[in-house]
Amino acid sequence: MGITEEWRSEAQTFVNFQGRPLVVMVVGAADTGKTTFCTYLANTLWEQGKRVAVVDADLGQSDIGLPTTIGMGFVTRSITHLREISCQASYFVGSLSPVGHLLPTVTGTKLMVERALALGAEAVIVDTDGLVHGGAGMALKQHTFELLRPTHIVLLQRGQELETFRRLWDGVVWTRVLAVPGAVTEKTREQRRQYREQRFREWLSQCGELLLPLPQLRFRNVQWGQGNFVPLEVLPRLSALMGVNVLHAERTGDTALVVVEVPPNLSDWTPVRQFFGGVPYIRWVTPSRYEQILVGLLDSNEELLTVALTFRLDFREGILSVLAPPVPTERVRTVVFGFVRLALDGTELGILSPGSL
């Protein structure tokens, strides 16, 4: 796609900027040329000798890092696409869309900008996602703006869809509204899915099996692993009450979670409730509930080591088997469950709602 004269002219503003490090927040609906503009601006600043970082906050169409993450990398040579930037750090949100996940999306974007600045970036370009409409879009962009405190805002719009943001931010920071070049085409939902699945296939081709010992792990976004565990020696009694083999059980507040080998067929749950001290809610799951889900593996400093795909949960062996790029298993301390199910060939199997695990 050709770069317009308007884009070239505005880019000089950033080249000539003096003062604190540049933080440029680029906002626009889907398919308005945000990534192309970010690529052009990154090249322009790098060619002027600046140390340039790009934060890719588009969860579903990520170029820097895997979809479901917010990635950050530095420009080290002239590039034609953001995919050519090596991911230096990333934050795992676990979703393909910020809808329902606004807080982690804003948090991850802020942390990646801070990381870039801490590593000496003189200019940070933030490529945001295309959610700009409705209450969710307004909340996401406004709170991202408040946290990042950018030096410059670029709004790419076809009509008047970003006028609310212009009125909010113009006069607070440098804000420009740029036209979307006519050569920019809109992608279909199917094209977007195909792009993600291709990225997942490429990633899975580099993965191998890692065996993570359950006792060394903490878990997030799942009920499992959060409560008081039923001792192993007591599980046979619970198995007899439920009529199935119980692999794991725990109680958290007024809910008991029971992991079973096969689905139970009980008509009266009263004895099971009494076993747990009369809790009103009993939830049973099989290990497969936690398998084939994208997860983030964090170290003891809460830094993302890598993204993984859960493969097998084995309570008898006490392991969680995942597919992931090579990382030292002893460094993994926290498993953050995401909200995307994947087949082993990268095909998207479904989206999980928050709280469903």
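Refer to the preceding data block for the structure.
Below or above, wherever it landed, is the structure these notes cover. Numbering of residues starts from 1 in each chain and follows the order in which that chain's sequence is written. pLDDT decides what is reported in this predicted model: residues at 70 or higher carry local features, side-chain atom pairs at 80 or more are listed and counted, and totals for whole chains, interfaces and linings draw on all residues regardless. As a rule here, side-chain values cover all heavy atoms of the structure and leave hydrogens and water aside.

Our focus in this paragraph is the overall build of the protein chain. Counting its regular elements, the protein chain contains 8 helices and 18 strands. Here the protein chain, with 357 residues, has 54% of them falling under the buried criterion. Accessible surface computed for the protein chain: about 15,900 Å², of which carbon and sulfur atoms make up 50%. Positive charges come from Lys and Arg, negative ones from Asp and Glu, while His and the chain ends are left out of the count. Positions of charges follow a simple convention, taking NZ of Lys, CZ of Arg, CG of Asp or CD of Glu. For the protein chain, the distance from the average position of its 34 positive side-chain charges to the average position of its 36 negative side-chain charges is 2 Å. Put simply, DSSP marks the helices as runs of H or I at least four residues long and the strands as runs of E at least two long, and each gets a number from the N terminus on. Working definition: with a 1.4 Å probe on protein chains only, accessible area under 20% of the residue-type maximum means buried, over 50% means exposed, and in between means partly exposed. Accessible areas in this description were obtained via Shrake-Rupley with a 1.4 Å probe; residue shielding takes into account the shown protein chains only.

Okay, helix H3 (residues 102-118) next. With 17 residues, H3 should cover 24 Å at 1.5 Å per step; its first-to-last C-alpha distance of 24 Å lies within 8% of that length. For H3, every residue scored as buried is listed here: Thr105, Val106, Gly108, Thr109, Met112, Val113 and Ala116. Mapping the buried residues of H3 onto a view down its axis gives an arc of 165°, with all of them on the same face. Exposed residues on H3 whose side chains face more than 90 degrees from its buried face are Leu103 and Ala118. Residue contacts are defined here by distance: any two heavy atoms, one from each residue, within 4.5 Å place the two residues in contact. Those residues of H3 that are buried are in contact with strand S1 (22-28), strand S2 (52-56), strand S3 (69-74), strand S4 (89-92), strand S5 (123-127) and helix H4 (134-148). Positive phi appears at Gly120, one or two residues downstream of H3, with a value of about 95°. For a helix, the expected span equals 1.5 Å multiplied by the number of residues minus one. Directions pointing from the helix axis toward each C-beta atom define the arc.

For any pair of aromatic rings, geometry is given as the distance between the ring centres together with the angle between the planes. Only rings of Phe, Tyr and Trp enter the pairing, Trp through its six-membered ring, and a pair is recorded when the two centres are within 6.5 Å. The plane angle decides the type: under 30 degrees is stacked, over 60 is edge-to-face, the rest tilted. Taken as a whole and assessed by the stated rule, the structure comprises 10 aromatic pairs. Ring geometry for Trp7 versus Phe37: centroids 5.1 Å apart, planes at 85°, classification edge-to-face. Taken as a pair, Trp7 in helix H1 (residues 5-15) and Phe37 in helix H2 (residues 34-47) lie far apart in primary sequence, 30 residues in all. Of the two residues, Trp7 and Phe37, both sit in the buried class.

Turning next to the packing of H3 against H4. The relative placement of two packed helices is expressed as an angle between their axes plus a distance between the axes. The N-to-C vectors of H3 and H4 enclose an angle of 30°; their axes lie 10 Å apart at closest approach. The angle between the axes of H3 and H4 places the two elements in the roughly parallel class. Along this stretch, H3 crosses H4, giving a crossing that reads as right-handed. Residues Leu102, Thr105, Val106, Thr109, Lys110 and Val113 of H3 touch H4, and the partners they reach there are Ala136, Ala139, Leu140, His143, Thr144, Leu147 and Leu148. Taken together, the residues of the contact of H3 with H4 sort by class into 8 nonpolar, 4 polar and 1 charged. Each axis is a line fitted through C-alpha atoms, taken for helices only over the stretch in contact, and angles between the N-to-C directions span 0 to 180 degrees. Any angle between 65 and 115 degrees counts as roughly perpendicular, while under 35 counts as roughly parallel, over 145 as roughly antiparallel, and the rest as oblique. Helix crossings fall into two classes, left-handed where the near helix is turned counterclockwise from the far one by less than a right angle and right-handed where it is turned clockwise. Residues are sorted three ways: Asp, Glu, Lys and Arg are charged, Ala, Val, Leu, Ile, Met, Phe, Trp, Tyr, Cys and Pro are nonpolar, and all the rest, Gly among them, are polar.

Right, let's get into the pattern of salt bridges. Any carboxyl oxygen of Asp or Glu within 4 Å of a side-chain nitrogen of Lys or Arg constitutes a salt bridge here. For the structure on display, the rule yields 18 salt bridges. With a shortest N-O distance of 2.7 Å, Glu163 and Arg166 are connected by a salt bridge. Of the two residues, Glu163 and Arg166 are both situated in helix H5 (residues 163-169); the distance of 3 residues between them amounts to about one turn of the helix. With relative accessibility at 14%, the residue Glu163 sits in the buried group. Three or more residues joined by partner-sharing salt bridges are found here, namely Asp31, Lys187 and Arg192.

Look at helix H6 (residues 189-204): 23 Å from first C-alpha to last across 16 residues, which is about the 22 Å you get at 1.5 Å a residue. Where H6 is concerned, the buried positions are Arg192, Tyr195, Arg196, Glu197, Arg199, Phe200, Trp203 and Leu204. Contacts made by the buried residues of H6 are with strand S14 (293-298), strand S15 (304-314), strand S16 (319-324), strand S17 (334-342) and strand S18 (348-351).

With that settled, consider the sheet that holds strand S11 (residues 246-252). With respect to topology, 4 strands assemble into an open sheet ordered S10-S11-S12-S13, the strand pairing being mixed. Two strands close off the open sheet at either side, each with one partner strand: strand S10 (228-229) and strand S13 (281-285). Note that S11 and strand S12 (residues 255-260) share 6 bridges and pair antiparallel. Paired with Glu250 across the two strands is Leu257, which belongs to S12. Packed on one face of the sheet, helix H7 (residues 235-242) meets S11 and S12 and runs near 95° to S11. Any two strands with at least two DSSP-identified bridges between them are counted as paired.

Quick look at the pairing of S1 now. By the criterion of burial, S1 is predominantly enclosed, with 7 of the 7 residues buried. Residue alternation in S1 divides its side chains into two sets, Leu22, Val24, Val26 and Gly28 and Val23, Met25 and Val27, and both sets are buried. Pairing of S1 with strand S6 (residues 152-157) involves 5 bridges; the strand directions are parallel. Note on S6: the bridge partner recorded for Val27 is Leu155.

Strand order in this open sheet of 7 strands is S4-S3-S2-S5-S1-S6-S7, and the pairing throughout is mixed. Edge positions in the open sheet fall to S4 and strand S7 (174-179), since each of these has one partner strand only. With direction set aside, neighbouring strand axes in the sheet form an average angle of 15°. Sheet analysis places S3 next to S4, joined by 4 bridges and oriented antiparallel. In the strand pairing of S4, Thr69 is matched with Phe92. Seen against the sheet, H1 touches S1, S6 and S7 and runs at an angle of roughly 165° to S7.

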